[in-house]
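Observations on the model geometry
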Amino acid sequence: MISTTLKRYYDPTFTVSQDYKASMPDLQNGPASLIEGANVPIQQVGISNFKLPLKYPRPDGEIITLETSVDGYVGLDMDKKGINMSRIMRTFYKYKDEVFHPDKLEEILQAYKDDLHSNSGYLRLSFNYPILKESLRSDLEGYQYYNVSYEATLDDEGNFKKFVHMDFEYSSACPCSYELSEHAKESRGIDAIPHSQRSVANLTVELEDELFVEDMVQLCRDALMTETQVMVKREDEQAFAEMNAAFQKFVEDAARLLYDELDDDDRIQDFVIRCVHMESLHSHDAVSRICKGVPNGLR
Ligand SMILES: Nc1nc2c(ncn2[C@@H]2O[C@H](COP(=O)(O)OP(=O)(O)OP(=O)(O)O)[C@@H](O)[C@H]2O)c(=O)[nH]1
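All of these numbers come straight from a predicted model, not from anything done at the bench.

Describing the packing of aromatic side chains
In total, this model carries 10 aromatic pairs according to the counting rule given. On the basis of an interplanar angle of 80° and a centroid distance of 5.2 Å, the ring pair of Phe127 and Tyr150 is categorised as edge-to-face. In this pair, Phe127 is assigned in strand E3 (residues 121–134) and Tyr150 in strand E4 (residues 141–154), connecting sequence segments 23 residues apart. For Phe127, a relative accessible area of 3% puts it in the buried group.

Some words on the UniProt feature "site: May be catalytically important" (unreviewed entry) in the protein chain
Under the local residue numbering, the UniProt record ascribes the feature "site: May be catalytically important" (unreviewed entry) to Cys174. Turning to its location among the elements, Cys174 is positioned in the loop between strand E5 (160–173) and helix H4 (175–188). Exposure remark for Cys174: the relative accessible area of 12% places this residue in the buried category.

Concerning the site of the ligand
Around the ligand sit Lys21, Asp26, Gln28, Ile83, Asn84, Met85, Ser86, Arg87 and Arg90, and those are all the residues in its vicinity. Note that an oxygen atom of the ligand is positioned 2.6 Å from one of the side-chain N or O atoms of Asn84. Met85 has a polar backbone atom sitting 3.4 Å from an oxygen atom of the ligand. Burial of the ligand by the protein chains amounts to 52% of its free accessible area of 650 Å². Per-element accounting of the shell around the ligand gives the leading share, 3 residues, to helix H2 (residues 86–93). Classifying every residue of the shell around the ligand by side-chain character gives 2 nonpolar, 3 polar and 4 charged.

Considerations on helix H5 (residues 213–224)
Given 3.6 residues per turn, any residue in an α-helix points the same way as the ones three and four places further on. Helix length check: H5 (12 residues) gives 17 Å between terminal C-alpha atoms against 16 Å at 1.5 Å per residue, within 8%. With 9 of its 12 residues buried, H5 lies for the most part within the structure. Against E3, E4, E5, strand E6 (196–207), helix H7 (251–263) and strand E7 (268–277) lie the buried residues of H5. Backbone geometry just after H5 places Met225 at a positive phi near 70°.

Focus on the pairing of E5
Of all the 14 residues making up E5, 11 are buried; the element is thus mostly covered by neighbouring parts of the structure. Relative to E5, E4 runs antiparallel, the two sharing 7 bridges. Bridging across to E5, Glu151 finds its partner in Phe163. The antiparallel pairing of E4 with E5 creates a hairpin that spans 5 residues between the two strands, and Gly158 there sits at a positive phi of about 80°. Across 11 bridges, E5 lies against E6 in antiparallel orientation. Following the sheet pairing, Phe163 is matched in E6 by Glu206.

Quick notes on the rules
Each chain has its residues counted from 1, following the order in which its sequence is written. pLDDT decides what is reported in this predicted model: residues at 70 or higher carry local features, side-chain atom pairs at 80 or more are listed and counted, and totals for whole chains, interfaces and linings draw on all residues regardless. The basis for every side-chain value is the complete set of non-hydrogen atoms in the structure, without hydrogens or water. Only rings of Phe, Tyr and Trp enter the pairing, Trp through its six-membered ring, and a pair is recorded when the two centres are within 6.5 Å. The plane angle decides the type: under 30 degrees is stacked, over 60 is edge-to-face, the rest tilted. Put simply, DSSP marks the helices as runs of H or I at least four residues long and the strands as runs of E at least two long, and each gets a number from the N terminus on. Burial status follows relative accessibility: with a 1.4 Å probe on protein chains alone, a residue under 20% of its type maximum counts as buried, one over 50% as exposed, and anything between as partly exposed. UniProt positions are given in the numbering used here, feature names are shortened, and annotations may be inferred rather than shown by experiment. Distances are taken per atom, and a residue is near a molecule or strand as soon as one of its heavy atoms is within 4 Å of it. In the analysis that follows, any N or O atom pair within 3.5 Å is treated as a polar contact, provided that within protein one partner can donate a hydrogen and the other can accept it, and provided that, for residues neighboring in sequence, both atoms belong to side chains. Every accessible area reported is derived by Shrake-Rupley at a probe size of 1.4 Å, with residue values counting cover from the shown protein chains alone. For this classification, the nonpolar set comprises Ala, Val, Leu, Ile, Met, Phe, Trp, Tyr, Cys and Pro, the charged set comprises Asp, Glu, Lys and Arg, and every other residue, Gly included, is treated as polar. To estimate the expected span of a helix, subtract one from its residue number and multiply by 1.5 Å. Residue contacts are counted whenever heavy atoms from the two residues lie within 4.5 Å of one another. The pairing criterion is simple: DSSP has to find at least two bridges between the two strands.

Dropping the structure here:
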């Protein structure tokens, strides 16, 4: 038997010729006989959480560059072993210097379908978006960051859907605890403090028309009022206490207040909202989930 001793050596000068590339195995484009398991279509295959800096537009025209985590997938038909995985990133990188608003994803998803010979595509861009927030009564301001994702799908009939996900943090003062506290004071002269807690509304909005992150934040602020604060001096803290008294809310109230704001906005086609009050009274959360309720809509 000829013993071929393999060299263990990395040749920094080796270059890949077209002939050499053609001689390399290309398993993902191999025959269906290479498929392991059921020879059935796969709805989403690709790369999750590749990161790059992307540009986003603000309403005033300013462009902001933010670290973005990208999930990019395509559908794979039966009889196909695999996708050309690197094209998920290579195709996306063709757009890396462009300005990203949700509509841009349709272009990229069409490029996914073309470059990866697929019938459908999915993208999700996740980033933390800063907005300068003024204090309630002092003349201070500071950055509030919002956890945002743009999500889009392009199906085999060319139907494009675009969604924006955003988390909005607020304070919820419990109206029942407030009444019980007042009752203790009035009926027994005993002081009492109602419970309140940091809360978060997870919004998913299907867009009809352009909606900036700033617009979604304003809708939430108008609905809930008691957003968490950034820069706080004593006059701001007192203002916040007054605001919590004026806008007490059960987790049911929070969901309905947000419904009221979003349902009226023509830029929004559909939505589902999950409110979570991380109760300071309990070691568990009070949760409500509400949707616009359009036929075949988000649930
Ligand atoms: N489809 C698939 N590819 C994988 C996976 N894990 C690693 N890869 C590798 O992803 C690498 C890049 O694949 P391709 O994008 O097809 O690379 P390529 O064939 O040089 O690219 P093209 O010249 O565009 O065809 C290949 O070496 C694959 O073996 C996987 O789970 N699925």
